[in-house]
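Spelled out from the first residue to the last, the chains are:
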Amino acid sequence: MFSNIAVKTYLIGFYANSGSVLHLSTKISCNIDYLVHSFVLQNKSLMSVATSRTGTEDARILIDHSKCTACGLCVKVCKDFSLLLEDKTLKINPKPLFGCIGCGHCVAVCPYDAITVEGRTLSASDYSVLTFPEKPVVFENLFPFLLNRRSIRDFKNKPVEQALIDKILSLSSTAPMGLPPSDVSVMVINGREKVREFSFDFIDMLGRMQWMVSPFMLSLMRPFISKDDYLVFKSFVLPMVSFFTESRNRDENYLLYDAPLAMMFYGNMSDPADPYIAATYATLAAESLGLGSCMIGSVGPFLKNTGKDFKKKYKLPAKMRDSIIVIFGYPQVKFSKTIKRSFAKVEYC
Ligand SMILES: Cc1cc2nc3c(=O)[nH]c(=O)nc-3n(C[C@H](O)[C@H](O)[C@H](O)COP(=O)(O)O)c2cc1C
Ligand code: SF4
Ligand code: SF4
């Protein structure tokens with residue numbers, strides 16, 4: 001199908017049921033063979049994976065055959081099977097797994113700059129040569145850095161500079177995601193007063209629905225929930241909600257601890273883990289910048305099915321999925337001991 005690549009051609013192929021080309025546009029190029037590939041297949045198994053940002057758009061693969069040595073490295077790393085070697089020539093597979101998802105791995109691995117992928121939010125300027133070809137961080141540095149990190153809930157009354165906020169966002173955007181491009185959004189709440197307003201709005205909302213998490217409701221729910229869930233509700237959720245409302249009545253903010261900065265990471269069509277991973281990166285970015293941080297998991301679960309007006313005020317999607325907040329600021333306390341943590345279980349099978 002794509003064998004006649006000696007002709008300098010942009011091939012924009014839209015495939016219907018039979019795989020016949022519906023639209024073809026030709027452009028003369030002096031010394032480069034580009035094969036631009038975009039499948040829209042009615043067979044759903046060959047449709048590129050949907051994200052809220054890109055729909056089912058396929059990324060476009062461009063091969064510069066004047067540079068390609070057919071070494072096969074890009075074929076090896078492409079787990080979508082979008083690429084194949086045929087007759088010692090790199091070709092675009094008409095039957096990939098999903099359709100190019102725009103992970104960029106083929107571009108990143110090519111030693112000869114012979115392939116590029118655009119679309120699904122990627123453009124040529126997104127690729128650059130590795131800044132540190134050798135690993136800049138080794139285990140011996142990383143481990144104490146992580147071991148010394150503590151959650152910080154006491155902050156100086158000092159704003160976090162915009163330059164640091166930008167750095168946190170840049171670093172956390174490097175987090176892996178279930179499938180590119182990331183479907184994680186970030187709501188930045190910048191300033192102590194804004195963080196306080198957000199906290200109290202949320203606690204007021206909790207107060208209005210406190211009956212839902214009352215001991216009476218819990219006893220009604222008991223036959224329908226597991227023993228573990230019951231214990232978590234009784235020992236954690238119930239006292240937490242009461243505490244938030246009582247302390248809010250004393251004008252105290254124990255939800256987001258009057259931090260000068262908070263960020264909510266929330267997902268859309270993404271893997272539910274994506275917001276948590278990005279948030280984790282944000283805490284590490286903060287640590288490396290001399291800031292303290294703490295994850296706040298007590299807001300997200302309540303926003304999944306409730307809080308219409310609250311979500312409207314903060315321009316959050318009406319249908320929220322997984323989310324997590326991270327608070328940041330200059331630490332008021334200094335820890336002098338580290339704490340050894342362990343997993344519940346580590347088993348080799
Ligand atoms: C997913 C997640 C949710 C959390 N939620 C809260 C929270 O709502 N409020 C809070 O004060 N700390 C919260 N934390 C912080 C933990 O309590 C803290 O990480 C834990 O006690 C261990 O302390 P360390 O981070 O200093 O090692 C959360 C941490 C994680 C990972
Ligand atoms: S890695 Fe580069 S040179 Fe090797 S086959 Fe792929 S595009 Fe060609
Ligand atoms: S961007 Fe990813 S999915 Fe697309 S061809 Fe390259 S390696 Fe395959």
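Criteria and thresholds
The numbering scheme is per chain: residues are counted from 1 as the chain's sequence reads. Labels follow written order: the first chain is A, the first ligand is 1, and so on. Only residues with pLDDT of at least 70 get local features here, since the model is predicted, and only at 80 or more are side-chain atom pairs given and counted; chain-wide, interface and lining totals rely on the full set of residues. Any residue whose backbone-placed C-beta atom lies within 6 Å of a molecule or strand is treated as near that molecule or strand. In this classification, Asp, Glu, Lys and Arg are treated as charged, Ala, Val, Leu, Ile, Met, Phe, Trp, Tyr, Cys and Pro as nonpolar, and every other residue, Gly included, as polar. To count as a nonpolar core, a set of buried Ala, Val, Leu, Ile, Met, Phe, Trp, Tyr and Cys residues must be joined through C-beta atoms within 7 Å. Neighbour density around each residue's C-beta defines its exposure: 20 or more other C-beta atoms within 10 Å make it buried, 12 or fewer make it exposed, and counts between make it partly exposed, where C-beta atoms are placed from the backbone. Under the scheme used here, helices are H or I runs from DSSP no shorter than 4 residues and strands are E runs no shorter than 2 residues, and both carry numbers assigned from the N terminus. C-beta atoms are placed from the backbone for every residue, and two residues are taken to be in contact when these atoms lie within 7 Å. Strand pairing is defined by DSSP finding a minimum of two bridges between the two strands. Every axis in this analysis is a line fitted to C-alpha atoms, fitted for helices over the stretch in contact. Angles between the N-to-C directions lie between 0 and 180 degrees. Throughout this description, any angle smaller than 35 degrees is read as roughly parallel, any larger than 145 degrees as roughly antiparallel, any in the 65 to 115 degree range as roughly perpendicular, and the remainder as oblique. Throughout, a crossing is termed right-handed when the near helix is turned clockwise from the far one, and left-handed when it is turned anticlockwise from it by less than a right angle. pLDDT is a residue-level measure of predictor confidence that goes from 0 to 100.

Peer 1: Would you take a moment to explain the site of ligand 2 for this structure?
Peer 2: Near ligand 2 you find 13 residues, and of these Cys68, Cys71, Cys74, Cys110 and Ile115 are the closest. A breakdown of the residues in the shell around ligand 2 according to their chemical character gives 11 nonpolar, 2 polar and no charged.

Peer 1: Just to check I follow, could you spell out the nonpolar core for this structure?
Peer 2: Generally speaking, soluble globular proteins have nonpolar side chains that are buried together. Formed by 40 residues in total, the largest nonpolar core has its most connected members in Leu256, Ala262, Ile325, Val326 and Ile327. Elements with a minimum of two residues in this core: α5 (192-208), α7 (227-249), β6 (261-266), α8 (274-288), β7 (292-296) and β8 (323-329). Those residues within four positions of Ala262 in sequence are excluded, and the remaining contacts are Ile189, Val195, Phe198, Leu256, Ile325, Val326 and Ile327. If you look at the next biggest cluster of nonpolar residues, it comprises 20 residues, including Ala59, Cys78, Ile92 and Ala114.

Peer 1: Sorry if this is basic, but what is going on with the sheet that holds strand β5 (residues 185-190) here?
Peer 2: Whether parallel or antiparallel, the strands of a sheet pair through hydrogen bonds between backbone atoms. With respect to topology, 4 strands assemble into an open sheet ordered β5-β6-β8-β7, the strand pairing being antiparallel. Of all strands in the sheet, those bounded by a partner on one side alone are β5 and β7. With direction set aside, neighbouring strand axes in the sheet form an average angle of 20°. When β5 meets β6, the two strands line up antiparallel, connected through 6 bridges. Considered in β6, the bridge of Asn190 is made with Leu261. Packing against the sheet, α5 makes contact with β5 and β6, and its axis sits at approximately 115° to β5.

Peer 1: Before we go on, may I ask you to explain the site of ligand 3 in this structure?
Peer 2: Residues in close proximity to ligand 3 total 15 residues, the closest being Cys78, Ser82, Cys100, Cys103 and Cys106. Considering only residue class, the shell around ligand 3 consists of 10 nonpolar, 4 polar and 1 charged.

Peer 1: It is not clear to me how the packing of α5 against α7 should be interpreted in this structure. Could you clarify?
Peer 2: To describe two helices that pack against each other, one gives the angle between their axes and the distance between the axes. Here α5 crosses α7 at 120°, and the two axes come no closer than 9 Å. Relative to α7, the element α5 lies oblique. As α5 runs across α7, the sense of the crossing is left-handed. Contacts from Phe200, Ile203, Leu206 and Gly207 of α5 reach α7 at Val241, Phe244, Thr245 and Arg248. Along the lines of polarity and charge, the residues of the contact of α5 with α7 split into 5 nonpolar, 2 polar and 1 charged.

Peer 1: I would appreciate a short explanation of the confidence of the model for the protein in the present structure.
Peer 2: Detailed reading of the predicted coordinates is not advisable wherever pLDDT falls low. When pLDDT is averaged along the protein, the result is 86; 87% of the residues meet or exceed 70. Contacts from residues 1-45, a stretch scored under 50 in pLDDT, to residues over four places away or in other chains number 64 contacts.

Peer 1: Would you mind showing me how to read the packing of helix α4 (residues 162-172) against α8 here?
Peer 2: One way to put it is that α4 packs onto α8 with a least axis distance of 8 Å and a crossing angle of 135°. Here α4 lies oblique to α8, going by the angle between them. The two elements α4 and α8 meet at a crossing, and its hand is right-handed. For the pair formed by α4 and α8, the contact residues are Lys167, Ile168, Leu171 and Ser172 on the first element and Ala278, Tyr281, Ala282, Ala285 and Ala286 on the second.

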